[in-house]
Structures are given as C-alpha cells and as structure tokens.
Amino acid sequence: MEGLLPELEVIRKDFPILERQLAGGFPLVYLDSANTSQKPQVVIDTMVDHLERHNANISRAMHQLGSESTEAFEAARDRVAAFIKAPSRDEVIFTKNATEALNMVANTLAWATAELSIGEGDEVVITEMEHHSNIVPWQLLTERKGATLRWFGLTEDGRLDLSNIDELITERTKVVSLTWVSNMLGTINPVAEIAARAHAVGAIVVVDASQAAPQLPIDVVASGADILVFTGHKVVGPTGIGVLWGRREVLESLPPFHGGGEMIETVKMARSTYAGIPHKFEAGTPPIIEAIGLGAAVDYLDHIGLDAIHAHEQAVTGYALEGLASVPGVRILGPLDAASRGGAISFELADVHPHDIAQVLDSRGIAVRAGHHCAKPAHARFGVQASTRMSSYLYTTPAEIDALVESLNYTRSYFKVS
Amino acid sequence: MEGLLPELEVIRKDFPILERQLAGGFPLVYLDSANTSQKPQVVIDTMVDHLERHNANISRAMHQLGSESTEAFEAARDRVAAFIKAPSRDEVIFTKNATEALNMVANTLAWATAELSIGEGDEVVITEMEHHSNIVPWQLLTERKGATLRWFGLTEDGRLDLSNIDELITERTKVVSLTWVSNMLGTINPVAEIAARAHAVGAIVVVDASQAAPQLPIDVVASGADILVFTGHKVVGPTGIGVLWGRREVLESLPPFHGGGEMIETVKMARSTYAGIPHKFEAGTPPIIEAIGLGAAVDYLDHIGLDAIHAHEQAVTGYALEGLASVPGVRILGPLDAASRGGAISFELADVHPHDIAQVLDSRGIAVRAGHHCAKPAHARFGVQASTRMSSYLYTTPAEIDALVESLNYTRSYFKVS
Amino acid sequence: MDLDSLYQEIILDHYKHPHHAGLRDPFEAEVHHVNPTCGDEVTLRVHVAGDKVEDVSYDALGCSISQASASVMTDLLIGKSVEEAMQIHQTFLELMQGKGQVEPDEDVLEDGIAFAGVAKFPARVKCALLSWMAWKDATSQSLRSENS
Amino acid sequence: MDLDSLYQEIILDHYKHPHHAGLRDPFEAEVHHVNPTCGDEVTLRVHVAGDKVEDVSYDALGCSISQASASVMTDLLIGKSVEEAMQIHQTFLELMQGKGQVEPDEDVLEDGIAFAGVAKFPARVKCALLSWMAWKDATSQSLRSENS
Ligand SMILES: Cc1ncc(COP(=O)(O)O)c(C=O)c1O
Ligand SMILES: Cc1ncc(COP(=O)(O)O)c(C=O)c1O
C-alpha cells in the first residue's frame, strides 16, 4: 500500500504495549489514538533515567542535579519550539494539557485590559465541531463578561460552513478559536484562511492543534495562529503536559494566569511584579518529568518525519474508509476523502448502539471509542447521540483495519442485524 | 540516635538516585527535599508498568486498557483519600501541583456567587511566612475584586504572631489561607486553632499542606481546613500532580474552574451543565500516570508510617540544629527546638553569600538550596535577602548532616572568614 | 471477555421490545439523567399515589444495556409499594456493584438477574444503573414535594 | 567541580573591595534588576554625556560572582564611548554564554577574563550577567529619552 511507513514493523517494536495480549488471548489492536497515543520505549526510558539519576527541582536549584534537571527541562522547550517552528523558545509555555492551555487563554482574557479586554458587545467565534475543551471555556468567558458566543455551523459532509463568514467575523469579533483537525469528523480546517479573515478585523486567533500536532507538520507562523495549543499524550508523550505557543506580543499583553513560585520577579506582601515569558505563565513546579518526556516524544516524531507520518495516516485512513464502506449499514460522519481529513473516523452502524459495537470489538482485542468523544454539539448537528470512532496512528497496520472490518461484520451477526 | 527509622539503610536502597556519584567522585548528599523529594523504585516501576502495559485514556474509554487505566486512576484517588483521611473520595481532586490547587480556589472564588462571593469590604487573611504560591493568587483575587488582603506577621523566633488575631479575623474575613508547615522557617503552625477562629466568623479556611504532607500524619477533618492542598513531587511522587481536598459543601458551592472534557454533564453550543465532584474540577485528560505514581507514593509512605517518618525527621532535624549551631557565624532563621518545626532549616553564615555556600557544598556533593525559597516576604521580615536551606527527609542519615557541618566549616576557610 | 454473559437473551429481548416505554401522564416528578462519559440519556416520570408506585414511564436513548435495564426496572417496580420498590432498587444496586461476586436473587429481581453478567464489566455498570438512579431521584422528588 | 576556576583571586578581590560602588549623581537613567530565581538585586545608574559613558554607579545585593561582576564592569565601561562599551558588553556576553569553550580576550576584558571559569557553571552565569544586563537596559533608556 502506497504511503505506509517503510519501517512499520520496526516502529511497532518501539511500542512495548503493542505486544500486550488481552483477554481470550487476542493481541491488542489499538484504534483509539485520537483519545491518547501509545508511548515508545525511548520516551519511557528518558523519563525513568531522569527519575533515577537526575531528579531535582528546576531553576531554583543551584546544585548539580538541579542544573541537570533545569537543562533537560529547558532542552525540552527547545525541542518543542523546533517541532512547531516557533520563532522563539520563550513563546513556548508548558501547561498541564490542551484543556488547561485553552482555559489559560480564556481566563487571562477575562482579566485583560486595553486592546485585549472583552466585554458587552464583543464576540467570540468558535465552531460547531469543537471539542468540549474549546467550547466550555468560551461559554464561561462570554457569560461572565457579558460578551456573545457565536459559531460556524457544519455542512452535511462535515466541513465548516463558511458561507456566512462575513456575518460571523466582524469588527465585533475579539477572538476566533477553532480546531485545526476535528477529533470526531476528522475534518482538516482551513485555519490560515480563517485566521486571515480574523486578523483583518483585528481579532486574535486561537488554534486547537490537539489532533493536528500528532499528524501534520506544524509551522505556527504559517498557520496564522496567534496562539496554538496541543496536548502531550496525543503526540506519543506522557500525560500531565501540554503546550501553549503564543506570539510574543500577545503573551506579553496578557495578564498572568496563576500566581506562585517561578512566575514572579519580586514579591512583597502588598504587591508583586512578574517575570517575563515563558515563566510568567508557568507558576509552581512545572511537570518536569513530563516536559522531558514530551521532548523525547517530539524528537521521536521528528526523527520519523511528520510528512511521512501524515502520508501513513492518509494511506491507513483511505484504506479504512474503503473497508468501513464495505460493511452494510455503516454511515460515516465527516468527509469521505482521505486527503482532506485526519485519522479519526466516526461512524454509525445501523441498529447497533456504539457501546455495544465497542464491547464486541473489545472482546476481540480491538480498542475503539464509543460515545460523544467530547463533541456533543457536532453529534447533535448530525442527529446522532453517540458514535463509534476508530483512530489510527503511526503504528497502525492495514491488517488491523482488516480486523476491525471483519469484527464489525461479526458484530452485525452477533446482534442479528438483517 | 533515638527516633531514626530502624530500617534506614534498607529504605535508602529503595531510592536509586542515592547511588549517584557526582563530579569529583563525591556521593550525593541530598539535602533539598523540601524543594522536591527523591522517588523510590516502586513509584517509578508503577508508572513504567502502566505506560508499557495499561496506557489508555480514562473514563471515556470502554475497552480493556481503558478500564484498567480508569481503575488504576480511581484507585489512586482512593489511596490519596485514605492518606489524608478524607471523609469521601469524591472530595479528592487531582491538580497539576499545589500552586494550581491554590489558584483554583482563588480563581473559582473570583466567580463565586452567594455566600462565597468576594468583593469590596471583604478580606482575605494570609501570613507573612507563606510560599509565593499562597500569596500571589490572593493578591490577584483581592486586587481584581476590590477586596483587601491582610496577613499575620511573624515573631522574632519565626512563629506566627497571633497577638492581633482579633483585629485580623473579623466578620469581614471571607478566607483564611495559611501554610501548615513553613518551607523556609520550618515552623509548624496551629492550624486547627486558627481554623476555629476563622469558622467562628464564617470564613473558609485553606491550608497549604505542601510541607506538612511529606512529614506529618494528616487528618483533613481534624485539621479544621475547608480546603487543603499538597503537591505530589514532595511526597516521593512524580511532578505534574497535586491534590486539592475540599469539604463537599464548599466544593459544591464553588463554580467550575476550567471548562472542557470530563467536567461536563451535557454540552450544547449555547450552554452547558456540569458534572458532580470531583469531575467538575478535573477538566481535560488528567495527569493519569502521575496520579497513579502518586498513589504508589502515598502507599509507600503509609507503609513506613507517617508517625515513624515524623519521628525520623525530628531526630535528624534536632541533630542538624545542634550541628549547625557548632559552626561559627551560623544564624538559624526559625524556631530552635526540633519539636515545633519541620525538616527544613534555613540559615545564614556570616560573610559568605548563600550562593557561594551552596556552590562550595555542591563541589562536595551536598545539595542544598540557596536563595529566597519562594518566600521573599519572610526573608524580608528577618532582614535577609537570601538564605541557605538544608532539608532532610526519610532517607537522610546523621552522617549526611555531619558532612554538611564539616563542609560549612570548609566553606568558611575557603572564603577565609575569620 | 465472555460476551454472552453480558448480552443474555433476556437483555436483548428487552432491548428490542422494551416494556412500558414512552412518557405518560399523570406524574408527580420528571427527571432527566445523563451518563456524562458516554452520553446515554433518560427522561423518566414517576406517578406515586399514596404509598404505591402507580406508574414509571420513560424515554431512553442509549445502548442495549441501559435500555433493557429501564424496561426490566419498570416491570419490577410498577405496582409495588414505594418501600418495596426501594428495597428492590437496593438489591439491584448491590448486584451491580458486586463485581460479579454477588449471587442474584431471582425471587426479587426476576428478569433483572440477567444483569449479573454486567457486573463483571465495570465500564457498563453505569449503563445498567442509569434509569434506576433516575427513578430514585424522581421518586425522592415526588415524596419531597408531597411532604412540603 | 573545580571551585578554584570559579572563585579566582581576582573575583574574590573585587567582591571584598568593589570598585565604583554606591549610587551617584548625575544620572540619566536608573534601573532595578532582579534575578527572580535567587533574589540577587542591583540598582544601577548611568550617566552618559554625548557619546561617552561618564559614570556607572550601583548598589548591589548578591553573591560574590554578581558583586564582583558589577565591580569589574564599571572598571571596564566608565570612560569608554557608548559604542565601545556596547562592544565590550557583547564580548563579555559571548564569554559567559560560551559554556567554557570561548577563549577570553584579555585586551578587551582585562579583569573580566577571570569570569571565564563562571561560564562552566550554568547556574552562575545569570549572577555574572545581572549588572551587565542592567547596564544595557539603563543605557538604552538613557539613549531613548535623549532622542525623544
Ligand atoms: C509551602 C509550600 N507551598 C506551596 C508550594 C508549591 O508547590 P508546587 O511548586 O509543587 O506547586 C511549595 C513548594 O514549592 C511549598 O513549599
Ligand atoms: C481537538 C481536541 N481538543 C482538545 C482536546 C483536549 O485534550 P486534553 O484532554 O489532553 O486536554 C482533545 C482531546 O481530548 C482534542 O481531541
């Protein structure tokens, strides 16, 4: 099959969990990577080595372990900066996950003054295909500040409906926040194009790259984003770590987020002054081991090459779309051509509920997700309450897709669907 | 020496980093545990096992790995609940660290309504010995809401000056937030007593147990706290994880913190409803591996016993206080009797700057902290700009204290102090 | 993974042909419960007269387990005294939370014993309990409003 | 850890007997810089006349490295043209950021070459640079206000 990673079997050996046998002796077929990715040995080993030999708190510690820890942590920042082509390492802020990063933006905007302040008459624009983590923070912000939340609708085939963009993005718009790749529909959105429209009216653009970062080469400047976020555990890194990149001018005009150690310049009881970026936004002991693990993770991906990973994802996705279409009663939600989508495919199977599908698949070792995938509004848009989602990644083989398709047919017969 | 852990040599074997050789062939003498603690093998192994065999996202995943991951994560919540004697596991919320936990309280109070709302005329009371992470969030809150920040001063010997408690804690007081054990002075504060006074005027009490949790048996109810926080990396757990415990009624009356996946009941584009505690405060993919590591960490501590650990710390601290007193020119900041303090000892050495002390100690393998230890106001109170801090933990031996004392004498001669 | 122990014939029958489905009048309380993790929903009404569960009606969206559970529940509870119904609720709860170690009592649970297998699938226990929790909530509300 | 390469005699001399210490008039700009991680502080004033660094005066709180560095800096910069001073600043910066790989030029840095050893101690580089950064900041401010 064209586009597959040439060394696929070697790559699979990097992921210890892929050797896992599940109940009934079934080998693991992990098709839930949009939920969280598996971790290569090098990421695990890097974290263990740090814990066993170099562990210390950073910045503040002057001793040898402290220097080693600080250097490893800051080297991770350099690696992440390179991964997303950030113009400056200082623009890379470590967060807990993508959710915290998005909330950091919404929360600091709530207290921002001058240019960035948001109030009555101002509008925030999102889309109907956002993950809850890119909806709820904006609901909270607009509710609390008396501003208005608006959103792009979706077309029948699961793309953004841009037909009313002139009505949506106006001089009232202060923020446009949208996902680069949908975690439910798979759709890849034209972020640069929308960003240009937003910038024309003076709005800032927040891009949720949680599903893009694992799959597409990212160039933050070319993306048009003012702020771009992603989460570590979906890019073969650990949990507990996410990234917020922001243009220096935007980050410098936002007030601090959390107050505490490391984000200060000086503290008196009556008032404090704050450090420059990135530290201003990294209060407290950061996720040190996690950042170091993330550094190893993005290095791993860069080493294989995001172009090659993207090609692999497209090949597997194309093959899966074909395979799913061969199962009677399957309806795919989202674009049908692999070229314009990421590797998450949500679908319905007539007369079987997604939980029941997932359960039968699980009994055969196949891990998929069933439910609303934290995208209830997008499900509501298509009149479905829940769906089944398979999501591949760089370790996924065509044989695993075959197993999925075969098991979906088995599911139909198990539930006696005619 | 009385009070030392009987199996000290066995315990030290649990910590791989203690075998580390530093530059010049010196063995590591780690006296920076108040900054971050070292990790036993069992914590590291638990995390690795999860990453290599069970990794999956939680709650949302219906497959076997998902169930294993969810069970391990929720079991960690049970362990933490037992560790602090929480009346209900639902009252235990996982955060990124203590700093995030404290900011979560200050931030949700900023948007709270009814009883808990804070505005002009209201007061928040802290103390002059707080870590910056328990100062800056309250400065931000009171500034933003037009409320007033007040604080307890300190006595000459480094205790809270409670002489004006009646003036400080009044019917205007909405929140009293204080540290249980000072990270700089070592002082153990009478939290239950102060909590009783705060409750008498209807204020809520926030206890920063970041330095208490590693050293003292904790019973959240007996502590008198309404909210109590601590950080994972100081209790032999990983970075990237902290704990906020809150009384159910308080947590239920606070608005949600971050918006996103897992904290919702249902989401529509126009508005959302939220899940019950603890999920309401855990938006997004939580630090899964980190929570699981923390579970193993508190189990490890519980297995040794917090009473035994506390006795060990007191024995080592007493020995260290004596040893330090024997070095000419040493001035200890904080209480001088081991019984009323934790295991962090900050001191000055006449005519040598703390950085230079730390540097000489480091050249002999001894890791201490030099600077303001994120407690600038407490330093200012004692007229010092920086100090040197040694902090012991359950793996610290009297021989390590001897090495410190000897090296301080060497430092004096190196800098030709007469 | 013994699928058949989960998907007993009784369960699949109730799923395909649910009893007492639909929302009916009269009722004293109506609740809407959601399983936040998967999105399963149930709207449920109770009609309590004196001490008796006169009717339980519902509109459920969800998987076979959650739908069959609602159906079985209405069979069990309608016509019982509130006290008996609460007792049955408790027995079902214990079965579900028993991790597969609790022996179901057919005299009390009737078709409900088919859910014994569900207790071995932790991720599905919430599905089986959704409508039962909704019923308890609605019944408490109806009793509270009666007493006030 | 070669302590002696860090704590050269020259450094300890400047530490014990700092040159040009104290805050003096006249000055065009005063800045206060802090090393947030350790708390070292310096208040620094510059007096620039025409193109010349007429005076640099300071009040510094901090370790031997940071204090000695301020002392050495004033020796090097006072009396130079702003352009020359900036050039020296750049040379010192390169030495400090060179991780111990840069060979110091005694003709340019004079006593400053004693800091070559500091470059091998990443945690101490900030100490050595504190007053230099403050000087650059203050000088830029004075030039800006002159041009406006
Ligand atoms: C008393 C006290 N409070 C709060 C903190 C903050 O903990 P963290 O940096 O893990 O958020 C610390 C440690 O740094 C501390 O010692
Ligand atoms: C598009 C998108 N945005 C945001 C998130 C939230 O990521 P996290 O849960 O790691 O914060 C996810 C994944 O869950 C996602 O797929």
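Quick look at the structure, then. (Residues numbered from 1 in each chain as written. Chains lettered and ligands numbered in written order. Predicted model: local features only at pLDDT ≥ 70, side-chain atom pairs only at ≥ 80, totals over all residues. Heavy atoms only, no water.)

## Points about the overall build of chain C
A count of helices and strands for chain C gives 6 helices and 3 strands. Mapped in sequence order, the helices and strands of chain C form the string α-α-β-β-β-α-α-α-α. By the compact-globule yardstick of 15 Å for 148 residues, chain C fits well, its C-alpha radius of gyration being 14 Å. Counting only C-alpha atoms and orienting by the principal axes, one finds that chain C spans roughly 50 × 30 × 25 Å. Per-residue burial for chain C yields a buried fraction of 51% across its 148 residues. The contacts of chain C with a sequence gap of at least 6 include a subset with a gap of at least 24, amounting to 61%. For chain C, the separation between the mean place of its 11 positive charges and that of its 25 negative charges on side chains is 6 Å. (Helix = DSSP H or I, 4+ residues; strand = E, 2+ residues; numbered from the N terminus. Rg over C-alpha atoms; globule rule 2.2 N^0.38 Å. Buried < 20%, exposed > 50% of the residue type's maximum accessible area, 1.4 Å probe, protein only. Contact = heavy atoms within 4.5 Å. Lys, Arg positive; Asp, Glu negative; His and termini not counted. Charge placed at Lys NZ, Arg CZ, Asp CG, Glu CD.)

## Here we look at the relation of the copies chain A and chain B
What connects the two chain copies is a rotation about an axis and a shift along it. If you rotate chain A by 180° and push it 0.0 Å along the axis, it lands on chain B with an RMSD of 0.0 Å. Viewed as a symmetry operation, the transformation between the two copies matches a two-fold axis. Considering only C-alpha atoms, the part of chain A nearest the rotation axis is A:Gly240, at 2.8 Å. A shared binding surface is used by both copies, with 100% of the interface residues of chain A retained as interface residues in chain B. (Least-squares fit on C-alpha atoms with pLDDT ≥ 70 in both.)

## Structural notes on the interface of chain A and chain B
With 95 residues of chain A at the contact, the number on the chain B side is 96 residues. Broken down residue by residue, the surface that chain A buries against chain B is led by A:Gln64, A:Trp111 and A:Met269, which jointly contribute 10%. On inspection of chain A and its partner chain B, the count reaches 4 salt bridges. Between A:Glu100 and B:Lys96 there is a salt bridge; the shortest N-O distance is 3.0 Å. At the junction of chain A and chain B, the tally comes to 44 residue pairs in polar contact (both at pLDDT 80 or more). (Buried area = accessible area lost by both parts, 1.4 Å probe. Salt bridge = Lys/Arg side-chain N within 4 Å of Asp/Glu carboxyl O. Polar contact = N/O pair within 3.5 Å; in protein donor to acceptor, adjacent residues only side chain to side chain.)

## Describing the site of ligand 1
Among the 16 residues in the neighbourhood of ligand 1, the closest are listed as A:Thr285, B:Thr99, B:Asp208, B:Thr231 and B:Lys234. Residues near ligand 1 are shared among chains A and B, making this a multi-chain site. B:Ala98 places a main-chain nitrogen or oxygen 3.3 Å from an oxygen atom of ligand 1. Between ligand 1 and the protein, one listed contact pairs an oxygen atom with a side-chain N or O atom of B:Lys234 at 2.8 Å. A total of 390 Å² of accessible area belongs to ligand 1 in isolation, and the protein chains cover 99% of it. (Near = heavy atom within 4 Å. Areas by Shrake-Rupley, 256 points an atom, 1.4 Å probe, with all protein chains shown as cover.)

## Some details on the site of ligand 2
Around ligand 2, the structure places 16 residues, and the nearest of them are A:Thr99, A:Asp208, A:Thr231, A:Lys234 and B:Thr285. Of the chains in the model, those with residues near ligand 2 are chains A and B. A distance of 2.7 Å separates an oxygen atom of ligand 2 from a polar side-chain atom of A:Gln211. Between B:Thr285 and ligand 2, the recorded distance is 2.6 Å, taken from a side-chain N or O atom to an oxygen atom. When ligand 2 is considered free in solution it has 390 Å² of accessible area, and contact with the protein chains removes 99% of it. Its residues placed into classes, the shell around ligand 2 shows 1 nonpolar, 12 polar and 3 charged. (Nonpolar A, V, L, I, M, F, W, Y, C, P; charged D, E, K, R; others polar.)

## Thoughts on the pairing of strand 1 (residues 29–34) of chain D
All names here are of chain D. When strand 1 meets strand 2 (residues 41–49), the two strands line up antiparallel, connected through 6 bridges. Residue glutamate 30 lies in a different strand from strand 2, and its bridge partner there is arginine 45. Adjacent in sequence and paired antiparallel, strand 1 and strand 2 are bridged by 6 residues, among which glycine 39 carries a positive phi angle near 95°. (Pairing = 2+ DSSP bridges.)

## A few points about the packing of aromatic side chains
Applying the stated criterion across every chain, the model contains 23 aromatic pairs over all chains. A ring pair is formed by A:Phe73 and A:Phe94, whose centres lie 5.3 Å apart and whose planes are at 55°; its orientation type is tilted. Within this pair, whereas A:Phe73 is found in helix 3 (residues 64–83), its partner A:Phe94 is found in strand 2 (residues 92–95), the two being separated by 21 residues in sequence. Residue classification places A:Phe73 among the buried residues on the basis of a relative accessible area of 1%. The exposure class of A:Phe94 is buried, given its relative accessible area of 1%. An angle of 40° between the planes, with centres 6.2 Å apart, marks the rings of B:Tyr410 and B:Tyr414 as tilted. One end of the pair, B:Tyr410, and the other, B:Tyr414, are both in helix 14 (residues 398–414), 4 residues apart, so they sit about a helical turn from each other. Overall, B:Tyr410 belongs to the partly exposed group, its relative accessible area being 30%. (Phe/Tyr/Trp six-rings, centres within 6.5 Å; stacked < 30°, edge-to-face > 60°.)

## Digging into unusual backbone geometry
Backbone torsion omega between B:Ile277 and B:Pro278 reads 0°, so that peptide bond is classified as cis. Considering the arrangement of structural elements, one finds B:Pro278 in the loop between strand 10 (272–274) and helix 10 (288–304). With an omega of -10°, the peptide bond running from D:Asp25 to D:Pro26 counts as cis. If you trace the backbone, D:Pro26 turns up in the loop between helix 2 (9–16) and strand 1. Residue A:Lys85 is not a glycine yet carries a positive backbone phi of 55°. Following the sequence through the fold, A:Lys85 ends up in the loop between helix 3 and strand 2. The class of A:Lys85 is partly exposed, set by a relative accessible area of 48%. Despite not being glycine, A:Asp351 shows a phi value in the positive range, around 70°.

## Thoughts on helix 6 (residues 122–147) of chain C
The terminal C-alpha atoms of helix 6 of chain C lie 37 Å apart, and with 26 residues this matches the ideal 38 Å at 1.5 Å per residue to within 8%. Along helix 6 of chain C, the sharpest change in direction is near 40° and occurs at C:Leu129. (Expected span 1.5 Å × (residues − 1). Bend = angle between axes of the 7 residues up to and from the residue.)

## Here we look at the interface of chain D and chain A
Of the residues lining the interface, 8 residues belong to chain D; the matching set on chain A comes to 9 residues. Interface area, chain D with chain A, both sides summed: about 680 Å², of which 70% is carbon and sulfur. Counting the surface chain D buries against chain A, the share from its top three residues, D:Pro36, D:Thr37 and D:Ala123, is 49%. At the surface where chain D touches chain A, the tally comes to 0 salt bridges.

## A closer look at the sheet that holds strand 11 (residues 330–333) of chain A
Residue and element names in this part refer to chain A. Taken in spatial order, the 4 strands make up an open sheet running 11-12-15-14, and their pairing is antiparallel. Among the strands making up the open sheet, the edge pair consists of strand 11 and strand 14 (369–371). Averaged over all pairs of adjacent strands, the angle between their axes in this sheet comes to 30°, without regard to strand direction. Strand direction decides the pairing type here: strand 11 and strand 12 (residues 344–349), joined by 4 bridges, are antiparallel. (Axes fitted to C-alpha atoms, helices over the stretch in contact; angles between N-to-C directions.)

## With respect to the pattern of salt bridges
As enumerated under the stated definition, the model contains 58 salt bridges over all chains in all. One salt bridge in this structure joins B:Glu68 and A:Arg20, with 2.7 Å as the shortest N-O distance. Within this pair, whereas B:Glu68 is found in helix 3 (residues 64–83), its partner A:Arg20 is found in the loop between helix 1 (8–13) and strand 1 (29–30), the two belonging to separate chains. Here D:Asp25 makes a salt bridge to D:Arg45, at a shortest N to O gap of 3.5 Å. With a gap of 20 residues between them, D:Asp25 in the loop between helix 2 and strand 1 and D:Arg45 in strand 2 connect regions that are remote in the sequence. Here the residues in one salt-bridge network are A:Glu74, A:Arg77, A:Asp78, A:Arg89, A:Asp90, A:Arg248, A:Glu252 and A:Glu282, joined through shared partners.

## Let's talk about the nonpolar core
Membership of the largest hydrophobic core comes to 162 residues, with the highest contact counts inside it found for A:Leu394 and B:Leu394. For B:Leu394, the contacting residues outside a window of four places in its chain are B:Leu5, B:Leu8, B:Ile11, B:Phe15, B:Val236, B:Tyr300, B:Leu301, B:Ile304, B:Ile309 and B:His312. Among the nonpolar cores identified, the runner-up in size contains 77 residues, and A:Leu149, A:Val250, B:Met104 and B:Leu244 belong to it. (Core = buried A, V, L, I, M, F, W, Y, C linked by side-chain atoms within 4.5 Å.)

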